Amino acid sequence: MLAKIHTLSKNILQNFQSLSLLLARLVVAYGFLEPALNKWKDINSVATWFGSMGIPFPTLNAYMAASTEILGVLLLTIGLFTRLISIPLMVIMVVAIMTVHLTHGFSAGDNGFEIPLYYMLFLFIFTAHGAGKFSLDYLLFEKKTQ
Amino acid sequence: MRLKDFYLELSVLLNYFQSFSLLFARLALAYGFYEPALTKWRNFDTTTQWFGSLGIPFAPFMTLLTASLEIIGVLLLVFGLFTRLITVPLMIIMLIAVLTVHLSNGFSMANNGFEIPLYYFLFLSILASHGAGEFSLDTLIFGKGK
């Protein structure tokens, strides 16, 4: 009986895999958009900020972070090289947690690491599962081999 | 085509992390639901009044239902048992939370917007469609299946 319910719910719900990945990709892309644009608007103060947190080569790393984030917004939206771009974005989240959020605890209300952790988990899911069928990755790389 | 081969090889490698990513998402969600669930049980009457003031019908019953689903959700998500079945009602709770509480506050978490319940909704929809992964009682009991 339970096994039947399990199988039935599985058969129905697994049709939504690509849809759930698409929605998550769009939301994560939206989440990176503002931080990315803010970094580009005033890259010098980002470099100063990075330096004050003890990040080495702050100017280079400010450009790296800003480029990766804006590229991430684009690639996550269209689902191109999704697994690849998710990895450096995860690294950025780890660095953000270690340098900014960790000392504030978990809760997002206290500027804790809650939200960057959620982003990291989404990105880890994208790295492991890919972008789903509603993506350029699927059209370009996967479609015929399926 | 080199790029395509590279992408497919990379996919095969990264696919090994699927169950890890689902496990981490489950644990983060369980942790996230733990406090709201306990708060509802501890302050049951206040929660009922609050639900009533939000215009939710049958407030005492709905409070009982929500508090029960959330605490059961914490348990089931940790163990990965009936993962698909429990994620669907939790998604509905998130949807109602967004509509009744957060939507009028906009997106950003800083203004009590719908950012975090949206992330929860997306994690839950990924778990609903992908299942709990291999590190779960679902896989232990019901098998991997296809």
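The rules behind the values
Residues numbered from 1 in each chain as written. Chains lettered and ligands numbered in written order. Predicted model: local features only at pLDDT ≥ 70, side-chain atom pairs only at ≥ 80, totals over all residues. Contact = placed C-beta atoms within 7 Å. Helix = DSSP H or I, 4+ residues; strand = E, 2+ residues; numbered from the N terminus. Nonpolar A, V, L, I, M, F, W, Y, C, P; charged D, E, K, R; others polar. Axes fitted to C-alpha atoms, helices over the stretch in contact; angles between N-to-C directions. Parallel < 35°, antiparallel > 145°, perpendicular 65-115°, else oblique. Left-handed = near helix turned anticlockwise from the far one by under 90°. pLDDT = per-residue confidence, 0-100.

A. Fine view of the interface of chain A and chain B. With 28 residues of chain A at the contact, the number on the chain B side is 29 residues. Within the residue set of the side of chain A that touches chain B, elements represented by two or more residues are α1 (2–13), α2 (17–41) and α6 (114–129) of chain A. If you tally residues by element for the side of chain A that touches chain B, the top one is α6 of chain A, at nine residues. For the side of chain A that touches chain B, the residue count by class is 17 nonpolar, nine polar and two charged.

B. Expanded view of the packing of α6 of chain A against helix α2 (residues 18–42) of chain B. One way to put it is that α6 of chain A packs onto α2 of chain B with a least axis distance of 8 Å and a crossing angle of 155°. It follows from the interaxial angle that α6 of chain A and α2 of chain B lie roughly antiparallel. Helix-helix and strand crossings are classified by hand; for α6 of chain A and α2 of chain B the assignment is left-handed. Two secondary-structure elements touch here, α6 of chain A through L117, Y118, L121, F124, I125, A128 and H129 of chain A and α2 of chain B through Q18, S21, F24, A25 and A28 of chain B. A class-by-class count of the residues in the contact of α6 of chain A with α2 of chain B yields nine nonpolar, three polar and no charged.

C. Just the confidence of the model for chain A, in detail. Of all residues in chain A, 98% attain a pLDDT of 70 or more, and the chain-wide mean is 93. Mean pLDDT values for the elements of chain A range from 90 in α1 of chain A up to 97 in α6 of chain A.

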